[in-house]
Amino acid sequence: MTLPDPRLSPSAPAPRGDPGVIPEPERTPALLLHLSPLLGLVLPGLGNVLGPLAAWLGYRDRSAVLDAQGKEVVNFQISVWLYSLLAGLLSFGLFSLGLIGGAAGAAAGSPDLGAFALFGSLAAFFAFFIPASLVLWAFPLVVMLLAVIRVNQGRTYRYPLSLRFLR
C-alpha cells in the first residue's frame, strides 16, 4: 500500500524546503495575484497588466513564493499584451496591403483586380484577425483558471508561452 503524497494534501503543512509548495497562509494572496488580470474587464487594454503589477508590488515583500508567483503573472500578462499588439499590427498590415493593392489596381484601370484585392484583405481579416483575437482572449482565461486551481491545491504555477521580463 502506498501512502498519498502529503505535499498534495490541502490540509498538510507545507514543507519550507520545497519551492513548488505554497504554504496555507500564502494561498489567498497567491490566488489574488492570479485573479488580478480580471481588472482587464474593468479597464480594457491595460487593466490585465496593471492589476497584476499592483498586486505583485503589494505582495512581493511578504514571501519569496508570492514574489515568484507575482512575477509569473506580470510576465505572462505583459507577454499576452505584446502578442496581442503584434497580432493587431500584422492584421492591420495585411488589411492595409489589400486596400493599397486594390486602390493601385483600380487606378491602373483594372476594377476586377481592385475588387479581388479588397476581397483578399477582408479574407485576411476574417481568416487571421478574428481567430487570433479569439485565441488571445480565451488562452489567458484558461491558463489563469489552471493557475487558480493549482494554487488552490497549494502548488506553484508557471505560465506557458511567457516571456521572462522580471526574474
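To keep things clear, this report deals only with the structure shown in the data block. Computed from a predicted structure; not experimentally measured. (Residues numbered from 1 in each chain as written. Predicted model: local features only at pLDDT ≥ 70, side-chain atom pairs only at ≥ 80, totals over all residues. Heavy atoms only, no water.)

### Notes on helix 3 (residues 64-107)
Reasoning step 1: For helix 3, with 44 residues, the first-to-last C-alpha span of 64 Å sits near the 64 Å given by 1.5 Å per residue.
Reasoning step 2: A positive phi of about 100° marks Gly109, the residue just after helix 3. (Helix = DSSP H or I, 4+ residues; strand = E, 2+ residues; numbered from the N terminus. Expected span 1.5 Å × (residues − 1).)

### Description of the packing of aromatic side chains
Reasoning step 1: Evaluation of the coordinates by the stated rule reveals three aromatic pairs.
Reasoning step 2: A ring pair is formed by Tyr157 and Tyr159, whose centres lie 5.0 Å apart and whose planes are at 90°; its orientation type is edge-to-face.
Reasoning step 3: Classification of Tyr159 by relative accessible area gives buried; the value is 3%.
Reasoning step 4: A connected cluster of aromatic rings, assembled from ring pairs, spans Phe76, Phe139, Tyr157 and Tyr159.
Reasoning step 5: Here Arg60 stacks its cationic end above the ring of Trp56, 5.1 Å away from the centre of that ring. (Phe/Tyr/Trp six-rings, centres within 6.5 Å; stacked < 30°, edge-to-face > 60°. Buried < 20%, exposed > 50% of the residue type's maximum accessible area, 1.4 Å probe, protein only. Lys NZ or Arg CZ within 6 Å of the ring centre and 35° of its normal.)

### Details of the packing of helix 2 (residues 47-59) against helix 3
Reasoning step 1: One way to put it is that helix 2 packs onto helix 3 with a least axis distance of 9 Å and a crossing angle of 165°. Classified by the angle their axes make, helix 2 and helix 3 are roughly antiparallel. When the axes of helix 2 and helix 3 are compared, the crossing they make is left-handed. On helix 3, the residues touching Asn48, Val49, Pro52, Leu53, Trp56 and Tyr59 of helix 2 are Leu66, Asp67, Gly70, Lys71, Val73, Val74, Gln77, Ile78 and Trp81.
Reasoning step 2: For the contact of helix 2 with helix 3, the per-class residue count stands at 10 nonpolar, three polar and two charged. (Axes fitted to C-alpha atoms, helices over the stretch in contact; angles between N-to-C directions. Parallel < 35°, antiparallel > 145°, perpendicular 65-115°, else oblique. Left-handed = near helix turned anticlockwise from the far one by under 90°. Contact = heavy atoms within 4.5 Å. Nonpolar A, V, L, I, M, F, W, Y, C, P; charged D, E, K, R; others polar.)

### Side note on the side chain of Glu26
Reasoning step 1: Looking at the element boundaries, Glu26 is found in the segment before helix 1 (27-35).
Reasoning step 2: If sequence neighbours within four positions are ignored, Glu26 has contacts with Ser63, Val65 and Leu66.

### Observations concerning the nonpolar core
Reasoning step 1: Counting 12 residues, the largest nonpolar core consists of Ile22, Ala30, Leu31, Leu33, Ala55, Trp56, Tyr59, Val65, Leu66, Val74, Val148 and Val151.
Reasoning step 2: If you list the elements that add at least two residues to this core, you get helix 1, helix 2, helix 3 and helix 4 (111-152).
Reasoning step 3: Residues in contact with Val65, not counting those within four places in the same chain, are Val21, Ile22, Glu26 and Thr156. (Core = buried A, V, L, I, M, F, W, Y, C linked by side-chain atoms within 4.5 Å.)

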